[in-house]
Structure formats: C-alpha cells, structure tokens
Amino acid sequence: MIDGPYFVLTVLGVLGAGVTAGVFCAFSTFVMRGLAALPPAQGIAAMNSINKAAVRPPFMAVFLGTAVLAAVIAVVTFVLWPEEAAVELLLGSALYLIGSFGVTVAANVPRNTALLALEPCSAQAADRWTAYVREWTAWNHVRTIASAAAAVAYVLALR
C-alpha cells in the first residue's frame, strides 16, 4: 500500500475526480434532458446562465484543483517511480487530465462559447440548440466516464 504524501495526494485525487464525475453525471442524466425539453430560447438562456455560474470558485476549485493535483501526481510518480501503484497513479492522472480537463477545453467550452454568441430567439439558434444539446452531452458522457475511471484508478492505487 502506498503511504505518506502519495497516500494524501491519491485520496485527494479520488475525492476530486469523484466529485467532478458526479457533477458531470448529473448533467448527462437529467440537467441536459430538462434543458432540452424547454423551448429553444429558454433552453439556450438557461444553459448560458448555468455556464456563467459554473465558472465560480466552488466548482472551479474542485475541477481545476483536481487537474493540478493529477499533474502533480503524474510528475511525482515519474520522478520517484514508487514500487507500488505507479501504473494506477499514471492512469488516473491521464484519464483526468485528458478525458476530463482536456475534453472540457477542446469540446465543451468551445460549444459553450458558440452558444453564448447566438441570439436565443433566432431560427438559427433553434436549429443550433438541438445540435448543441446532442454534441455537448455526448462529450459530457466522455468527461463523466473519464473522471469516474480516474477516481477508480486512484482507489486501486490505494490498495
């Protein structure tokens, strides 16, 4: 079993990745379905409001803090290469950094930015809204699975 600083870092990684997975799972399973059921102008306005509210310290501390933590775990693992759990630690870090943080930056944020630029009551916005919900949710599923898998990898590193 890993101990000392590895133990603390890994437990924090489990918690951060797990909380992030939970937030993403909520969006994939019911928030986006609820928004999709609204008329497009209302759905767009609600999602834009949610996107603005998400970029606040409580969520960002968990989401970005876990990304920093995953990077620290990966670097420390590469430098010190512990006798136990190196593969699990690196896998957990890669899953979170690529599948959660990377997908957010590359797929979800650009869609949010494009949605914000739309005039909610226009015909174009109504057409874009349907595609947005489908694409954004698909990428959010990836983030959900990657974050949950990262938490599992970190848990396996603790055994």
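Refer to the structure printed above.
Residues numbered from 1 in each chain as written. Predicted model: local features only at pLDDT ≥ 70, side-chain atom pairs only at ≥ 80, totals over all residues. Heavy atoms only, no water.

**Q** Sorry if this is basic, but what is going on with unusual backbone geometry here?
**A** Most peptide bonds take the trans form, and the phi angle of most residues other than glycine is negative. In the Ramachandran plot, W81 falls in the positive-phi region, its phi being about 35 degrees despite a non-glycine side chain. Tracing the chain through its elements places W81 in the loop between α3 (57–80) and α4 (86–117). Of note in this structure, A85 is not a glycine but carries a positive phi near 70 degrees. Relative to the helices and strands, A85 is located in the loop between α3 and α4. (Helix = DSSP H or I, 4+ residues; strand = E, 2+ residues; numbered from the N terminus.)

**Q** So what exactly am I meant to see when it comes to helix α2 (residues 40–54) here?
**A** An α-helical turn contains 3.6 residues, so any two residues separated by three or four positions project in the same direction. In this model, α2 (15 residues) spans 21 Å end to end at C-alpha, consistent with the 21 Å of a helix rising 1.5 Å per residue. All of the buried residues along α2 are G43, I44, M47, N48 and N51. Looking straight down α2, one finds its buried side chains confined to an arc of 130 degrees; they lie on one side. At its buried positions, α2 is contacted by α1 (4–36), α4 and α5 (123–158). (Expected span 1.5 Å × (residues − 1). Buried < 20%, exposed > 50% of the residue type's maximum accessible area, 1.4 Å probe, protein only. Arc of directions from axis to C-beta. Contact = heavy atoms within 4.5 Å.)

**Q** Help me understand the environment of S49 in this model?
**A** Turning to its location among the elements, S49 is positioned in helix α2. Residue classification places S49 among the partly exposed positions, given a relative accessible area of 44%. Spatially, the C-alpha atoms of S49 and L116 are 9.4 Å apart, while their sequence positions differ by 67 residues.

**Q** How should the side chain of R143 be read in this particular structure?
**A** Positionally, R143 belongs in helix α5. Buried and unpaired, R143 has no salt bridge, with E135 as the nearest side chain of opposite charge at 13 Å. Within polar-contact distance, the side chain of R143 engages the side chain of T104 at 2.8 Å. Among all residues touching R143, those that are not within four sequence positions of it are F24, G99, S100, V103, T104, N108 and W136. (Lys, Arg positive; Asp, Glu negative; His and termini not counted. Salt bridge = Lys/Arg side-chain N within 4 Å of Asp/Glu carboxyl O. Polar contact = N/O pair within 3.5 Å; in protein donor to acceptor, adjacent residues only side chain to side chain.)

**Q** Where do I start with the nonpolar core in this structure?
**A** Side chains that are nonpolar tend, in soluble globular proteins, to be buried together. Among the nonpolar cores identified, the biggest contains 18 residues, and I2, A17, I73, A85, L89, Y96 and Y154 are the most heavily contacted of them. At the level of elements, α1, α3, α4 and α5 are the ones that each hand at least two residues to this core. Judged by nonpolar contacts, the second largest core, of 12 residues, contains F27, L35, L118 and A125. (Core = buried A, V, L, I, M, F, W, Y, C linked by side-chain atoms within 4.5 Å.)

**Q** How do you make sense of the packing of α1 against α4 when you look at a structure like this?
**A** Think of two packed helices as two axes; the pair is described by the angle between the axes and how far apart they sit. At their nearest, the axes of α1 and α4 sit 11 Å apart, and the two run at 35 degrees to each other. Between α1 and α4 lies a crossing whose hand is left-handed. Counting all contacts with α1, which are made through Y6, T10, A17, T20 and F24, the residues of α4 involved are L89, Y96, S100 and T104. Here the contact of α1 with α4 is composed, by residue class, of 5 nonpolar, 4 polar and no charged. (Axes fitted to C-alpha atoms, helices over the stretch in contact; angles between N-to-C directions. Left-handed = near helix turned anticlockwise from the far one by under 90°. Nonpolar A, V, L, I, M, F, W, Y, C, P; charged D, E, K, R; others polar.)

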